[in-house]
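Listed below are the residues making up each chain.
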Amino acid sequence: MIAMYKGLVKMYDDGANARSAKISDFVTEQNLLRALSTLNINKILDAGGGTGRWSSFLAKQGFDMTIMDISPEMLGMAEQKFTRDNLDVRLVEGDIENSPFASQEFDLVLAEGGVISITPNPMQMLAEFRRITKSGGYVWIDYLNVMGWSLLQPDVELKMQLASVEEEDIY
């Protein structure tokens, strides 16, 4: 998994410039802002935060942000953005299935970008999210359907196999 991101880091943000990504990001931003405006949230973990797109957005809204990613290259790109934009975001390299965080440390754990769809053990990740989220806190997760997940696969044979799945199977 880490090797896959090492190869993708330079083009990772390019995908964010696609029209479909911009539309999806706008909708996510609006939904996040609406939800967060009604909740008592301060400390947020951007789990599997990649190059820091959501950490940047939420830090600019005034939230206390921590980003964690398994890829040091992704975190390096994120750190460049945070420095450029003068944002105070804590960076942590590690595996979200076994994080170094204290129990009940975060008001919100955010896993945007299909993190649950690409983690090797989603149930372990969810258990870890429960452990590090404060009592009464929140977890925000999106996921990739089979078509979206197939786009992330570096193995061309697996990518084609997933992309050819019947529509009924996706549902």
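These figures come from a predicted structure and were not determined experimentally.

What to know about the overall build of the chain
Each helix and strand counted, the chain has 9 helices and 5 strands in total. Sequence-ordered secondary structure for the chain, helices as α and strands as β, is α-α-β-α-β-α-β-β-α-α-β-α-α-α. When each of the 171 residues of the chain is scored for burial, the buried share is 40%. Within the chain, counting contacts between residues at least 6 apart in sequence, those at least 24 apart form 64% of the total. A total accessible area of about 9800 Å² is found for the chain, and carbon and sulfur atoms account for 52% of it.

Let's talk about helix α4 (residues 72-84)
Given a rise of 1.5 Å per residue, 13 residues ought to cover 18 Å, and the 18 Å separating the end C-alpha atoms of α4 matches this to within 8%. Listing the buried residues of α4 in full gives Met74, Leu75, Ala78, Lys81 and Phe82. An end-on view of α4 places all buried positions within 115 degrees of arc, on one side of the element. Across from the buried face of α4, at angles greater than 90 degrees, the exposed residues are Gln80, Thr83 and Arg84. Following α4 by one or two positions, Asn86 has its phi on the positive side, about 55 degrees.

Focus: the environment of Gly136
Relative to the helices and strands, Gly136 is located in strand β5 (residues 133-141). Gly136 sits 96 residues away from Asn40 along the chain, and the two C-alpha atoms are 9.7 Å apart.

Observations regarding the sheet that holds strand β2 (residues 64-69)
As summarised here, the arrangement of the 5 strands in space is β3-β2-β1-β4-β5, forming an open sheet in which the pairing is parallel. Of all strands in the sheet, those with a lone pairing partner are β3 (89-93) and β5, marking the two edges. Each strand axis lies, on average, 20 degrees off the axis of its neighbour in the sheet, ignoring direction. Here helix α3 (residues 53-60) sits on the sheet and contacts β1 (43-47), β2, β3 and β4 (106-111); the angle it forms with β2, its principal contact strand, is near 175 degrees. On top of the sheet, helix α6 (residues 122-132) reaches β1, β4 and β5; it is set at about 140 degrees to β5, its chief contact.

Some thoughts on the nonpolar core
Among the nonpolar cores identified, the biggest contains 18 residues, and Leu36, Ile44, Leu58, Phe63, Met65 and Val89 are the most heavily contacted of them. Of all the elements in the fold, those that place two or more residues in this core are α2 (19-37), α3, β2, α4 and β4. Top contributing element to this core by residue count: α3, with 4 residues. Residue contacts for Ile44: discarding those within four places in its chain leaves Leu36, Leu58, Phe63, Asp64, Met65, Thr66, Phe106, Leu108 and Leu110. Val92, Val115, Ile116 and Phe129 belong to the second-largest nonpolar core, a separate cluster that totals 14 residues.

Here's the deal with the pairing of β3
With 5 bridges connecting them, β2 and β3 associate as parallel partners. Looking at the pairing, Thr66 lines up with Arg90 of β3.

Side note on the pairing of β1
In terms of residue burial, β1 counts as a mostly covered element, since 4 of its 5 residues are buried. Chirality of the crossover, the property in question, places the unit of β1, α3 and β2 among those that are right-handed. For β1 and β4, the ladder comprises 3 bridges, and the chain directions are parallel. What sits directly across from Ile44, in β4, is Leu108.

Considerations on the pattern of salt bridges
If you walk through the whole model with that rule in mind, you get 8 salt bridges. One salt bridge in this structure joins Lys43 and Glu105, with 3.3 Å as the shortest N-O distance. Of this pair, Lys43 sits in strand β1 while Glu105 is found in the loop between β3 and β4, placing the two residues 62 residues apart along the sequence. Here Lys134 and Asp107 are joined by a salt bridge, their closest N and O atoms 3.2 Å apart. Placement of the pair is Lys134 in strand β5 and Asp107 in strand β4, with a sequence separation of 27 residues. On the basis of relative accessibility, which here comes to 32%, the residue Lys134 falls in the partly exposed class. Residue classification places Asp107 among the buried positions, given a relative accessible area of 11%.

Rules behind the numbers
- Residues numbered from 1 in each chain as written.
- Predicted model: local features only at pLDDT ≥ 70, side-chain atom pairs only at ≥ 80, totals over all residues.
- Heavy atoms only, no water.
- Helix = DSSP H or I, 4+ residues; strand = E, 2+ residues; numbered from the N terminus.
- Buried < 20%, exposed > 50% of the residue type's maximum accessible area, 1.4 Å probe, protein only.
- Contact = heavy atoms within 4.5 Å.
- Areas by Shrake-Rupley, 256 points an atom, 1.4 Å probe, with all protein chains shown as cover.
- Expected span 1.5 Å × (residues − 1).
- Arc of directions from axis to C-beta.
- Pairing = 2+ DSSP bridges.
- Axes fitted to C-alpha atoms, helices over the stretch in contact; angles between N-to-C directions.
- Core = buried A, V, L, I, M, F, W, Y, C linked by side-chain atoms within 4.5 Å.
- Right-handed = clockwise from strand over helix to strand, strands pointing away.
- Salt bridge = Lys/Arg side-chain N within 4 Å of Asp/Glu carboxyl O.

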